[in-house]
Amino acid sequence: MAVVTQYVVIRDGAEKMTFTSKAEADAHDKILDMAEALSPLIKGSELFNDEQQLEDMALFLAKERENVLIALGAKKSKKPKTEKASTEKPEPSKASDKESTKAA
């Protein structure tokens with residue numbers, strides 16, 4: 001028989017999700033906290049009449065918090081590492097070196 005440790009996220013007495021890692025469970029719980037905090041703000045906009053749409057939008061924004069912060073200018077976006085290679089200046093070729101020495 002195998003023993004499995006599970007971490008369960010429970011909100012308002014209802015089981016939301018089950019995880020095998022405490023870190024994943026904590027991260028999901030944090031997202032739910034953010035969504036809960038965003039709900040009154042979104043509700044105040046009166047753009048969503050349906051409660052489910054409002055909850056879905058709050059959850060979406062919470063999951064995409066990094067991109068939301070970047071869009072709001074509160075955080076700088078991380079540049080991909082591959083971009084660094086493309087911004088380096090190419091070394092001049094030997095042919096162009098010979099031409100520049102002849103002109104001098």
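Computed from a prediction, not measured in an experiment: that's the story for all the values here.

Student: Please give an account of the overall build of the protein chain that cites residues and values.
Tutor: Along its length, the protein chain carries five helices and two strands. Going from the N terminus to the C terminus, the protein chain shows its helices and strands as β-β-α-α-α-α-α. Burial statistics for the protein chain: of 104 residues in total, 12% are counted as buried. Restricting to contacts in the protein chain with at least 6 residues of sequence separation, those with at least 24 account for 18%.

Student: Tell me what's going on with the pairing of strand β2 (residues 14-19), and back it up with residues and numbers.
Tutor: Alignment of strand β1 (residues 7-11) against β2, held across five bridges, turns out to be antiparallel. What sits directly across from tyrosine 7, in β2, is phenylalanine 19. The turn joining β1 and β2, which pair antiparallel and follow one another in sequence, is formed by two residues; a positive phi near 50° is taken by aspartate 12.

Student: Describe in detail the nonpolar core, supporting the description with residues and values.
Tutor: Counting residues in hydrophobic clusters, the biggest one holds six residues: Ile31, Ala35, Ile42, Leu54, Ala58 and Ala62. Secondary structure elements with two or more residues in this core: α1 (22-45) and α2 (51-63). When residues no more than four places from it in sequence are discounted, the contact partners of alanine 62 are Ile31, Met34, Ala35 and Leu38.

Student: How would you sum up α2? Please name residues and give values.
Tutor: Its 13 residues place the ends of α2 18 Å apart at the C-alpha level, agreeing with the 18 Å of an ideal helix rising 1.5 Å per residue. On its buried side, α2 packs onto α1 and α3 (65-71).

Student: Which residues make up the side chain of serine 39, and what are the values?
Tutor: Among the secondary structure elements, serine 39 is positioned in helix α1. Here the side chain of serine 39 touches alanine 35 through a polar contact of 3.0 Å, landing on its backbone oxygen.

Student: Requested: an account of the pattern of salt bridges, with residues and values cited.
Tutor: Tallied over the entire structure, the rule returns five salt bridges. Between aspartate 33 and arginine 11 there is a salt bridge whose closest N-O contact spans 2.4 Å. Here the residue aspartate 33 occupies a position in helix α1, and arginine 11 occupies one in strand β1, the gap between them amounting to 22 residues. Residue aspartate 33 is classed as partly exposed on the basis of its relative accessible area of 39%. Linking lysine 22 and aspartate 26 is a salt bridge whose minimum nitrogen-to-oxygen distance equals 3.0 Å. Residue lysine 22 and its partner aspartate 26 are both found in helix α1; the two are separated by four residues, about one turn of the helix. With a relative accessible area of 43%, aspartate 26 lands in the partly exposed category. Put simply, Arg11, Asp29, Asp33 and Glu36 are held in one network by salt bridges that share partners.

Thresholds applied
Residues numbered from 1 in each chain as written. Predicted model: local features only at pLDDT ≥ 70, side-chain atom pairs only at ≥ 80, totals over all residues. Heavy atoms only, no water. Helix = DSSP H or I, 4+ residues; strand = E, 2+ residues; numbered from the N terminus. Buried < 20%, exposed > 50% of the residue type's maximum accessible area, 1.4 Å probe, protein only. Contact = heavy atoms within 4.5 Å. Pairing = 2+ DSSP bridges. Core = buried A, V, L, I, M, F, W, Y, C linked by side-chain atoms within 4.5 Å. Expected span 1.5 Å × (residues − 1). Polar contact = N/O pair within 3.5 Å; in protein donor to acceptor, adjacent residues only side chain to side chain. Salt bridge = Lys/Arg side-chain N within 4 Å of Asp/Glu carboxyl O.

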